[in-house]
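The primary structure of each chain is shown beneath.
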Amino acid sequence: MPHVSQRLANVCESQTVALNSLMAKMRREGKDVVALGAGEPDFDTPDFIKEEAIAAIRQGFTKYTPADGILELREAVCNWLKEEYGADYQANEVIITNGAKHAVYEGILAVVDPGEEVLLPAPYWVSYPEQIKMAGGVEKILDTKKEDGYKITPQQLEKAITKKTRLLILNSPSNPSGAVYSEEELAGLVAVIKKTGIYVLSDEIYDTIIYDGKKYTSMIKFKEIRDQLLLVNGVSKSFAMTGWRIGYLAAHKDIVNAVKRYQGHSTSNPTSVSQKAALAGLLGKKDFLAVMNKAFTERRNYVHQRLTAIPGVTCMLPQGAFYAFPDFSFYYGKKGIKGSNDLCSYLLEQFNVALVPGMAFGMENNTRLSFATSMQALVKALDRIENGLKSLL
Ligand code: PMP
Ligand code: GLU
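Residues numbered from 1 in each chain as written. Chains lettered and ligands numbered in written order. Predicted model: local features only at pLDDT ≥ 70, side-chain atom pairs only at ≥ 80, totals over all residues. Heavy atoms only, no water.

### Some points on the overall build of the protein
Next up, step 1: In terms of regular secondary structure, the protein is built from 13 helices and twelve strands.
Next up, step 2: The contacts of the protein with a sequence gap of at least 6 include a subset with a gap of at least 24, amounting to 75%.
Next up, step 3: Seen as two clouds, the 46 positive and the 44 negative side-chain charges of the protein have centres 2 Å apart. (Helix = DSSP H or I, 4+ residues; strand = E, 2+ residues; numbered from the N terminus. Contact = heavy atoms within 4.5 Å. Lys, Arg positive; Asp, Glu negative; His and termini not counted. Charge placed at Lys NZ, Arg CZ, Asp CG, Glu CD.)

### A closer look at the environment of A56
Next up, step 1: Along the chain, A56 turns up in helix 3 (residues 47–58).
Next up, step 2: When the C-alpha positions of A56 and S274 are compared, they lie 9.2 Å apart, and in sequence the two are 218 residues distant.

### Digging into the side chain of E93
Next up, step 1: Here E93 shows up in the loop between helix 4 (71–85) and strand 2 (94–97).
Next up, step 2: For E93, a relative accessible area of 10% gives the class buried.
Next up, step 3: Reaching out from E93, the side chain makes a polar contact with the side chain of R226 at a distance of 2.8 Å.
Next up, step 4: In this structure E93 touches D88, R226, L249, A250, A251, K253 and V256, once residues within four positions along its chain are discounted. (Buried < 20%, exposed > 50% of the residue type's maximum accessible area, 1.4 Å probe, protein only. Polar contact = N/O pair within 3.5 Å; in protein donor to acceptor, adjacent residues only side chain to side chain.)

### Considerations on the site of ligand 2
Next up, step 1: Residues in contact with ligand 2, as listed here, are T16, A38, G39, K101, W125, N175, Y206, K237, Y323 and R368.
Next up, step 2: With respect to ligand 2, the backbone of G39 contributes an N or O atom lying 2.8 Å from an oxygen atom.
Next up, step 3: At 3.0 Å, a side-chain N or O of N175 approaches an oxygen atom of ligand 2.
Next up, step 4: Starting from 280 Å² of accessible surface for ligand 2 in isolation, the protein chains cover 86%.
Next up, step 5: Looking at the shell around ligand 2 residue by residue, the classes come out as four nonpolar, three polar and three charged. (Near = heavy atom within 4 Å. Areas by Shrake-Rupley, 256 points an atom, 1.4 Å probe, with all protein chains shown as cover. Nonpolar A, V, L, I, M, F, W, Y, C, P; charged D, E, K, R; others polar.)

### Overview of the site of ligand 1
Next up, step 1: Within the structure, ligand 1 sits among 13 residues, and N175, D203, Y206, S236 and K237 are positioned closest to it.
Next up, step 2: Measuring from a nitrogen atom of ligand 1, one finds a side-chain N or O atom of K237 at 3.5 Å.
Next up, step 3: Per-element accounting of the shell around ligand 1 gives the leading share, three residues, to helix 5 (residues 99–111).
Next up, step 4: Classifying every residue of the shell around ligand 1 gives five nonpolar, four polar and four charged.

As far as function goes, none of this settles anything; it's purely spatial.
Below, the structure written as structure tokens:
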């Protein structure tokens, strides 16, 4: 048996990524499977972005760039943060990363020492616990309830903080629940963060995907915790650019510098061509965002209405992102279904519909569905889910 380091031997596979590969395999085998698994917009990257990338290739922009990304892109991020949220950031307080996923990991690495605690509200995105582990941190889960909109409270946060706590990871809009913290709710958390001196990594990758005409509040708005904030975002979701792998981290320049040193030894610059494409997205017109959000709103409403019409199923109406997180636990214990893993296997194997078990997000009673797919696929998927669940009765 080859030797695998303890560090990696203990890391679980990403269930969302694994499901994506499984779907591709099933489709190659000719199976008519509807995939509501991995969350990525079904929209194509807009043409105005692709054109810039093609031009960059033609112009020979195919060499190394600075490890922290090209200056124009870091400046465009600063302008975006200024325009959207009124935040004042300089280019040396921003680093371009290989997707938002890597920005989260690098952010954790930059501030958490081995053995220190990282507070993680559940349900959480699949990669956070593994990234904390890889960085040598210790995850401390903060459970939330559907009745509280799957959100933590300032009291809960304060109670969980110990001498060992270094970081809180917050993700609003949330993957998987679709919860969005209001300005008032964030202000409550900010007061505790300020008072206790912990860091907060705010993963805002879904910030432009917000429903019901609400205005999104970014953590960057709270200037009193500027030095404690690590803001993560990127172009994957907003601009339908998941495969281009461009994200960013904005933080105090010392933290950004530490990440820059790490990036300089580990990945070097994110792909040069992708940086030009991301630049086009950030500088381009924002009407694309509204078109996507309109489609997501219709799908969200449809999915929510279909799910809550199934006997025994409850589901919070998502306020942002493109996931629904229904509670299917009414069906556990029926016909040998033990929990969320069993239920998802049953629906995939017998009804050809792929969902992600709540277990992957630290919430066993629930199951995640991505509605970033066509209405036609959603109709088919919901018919199959409904049939599958009703067959258990
Ligand atoms: N954070 C959350 C909450 C996500 O859902 C995703 C999507 N995979 C990411 C970060 C990573 O985004 P990217 O594809 O830019 O790495
Ligand atoms: N963010 C998506 C998801 O949660 C993409 C897959 C991944 O990178 O984990 O499904």
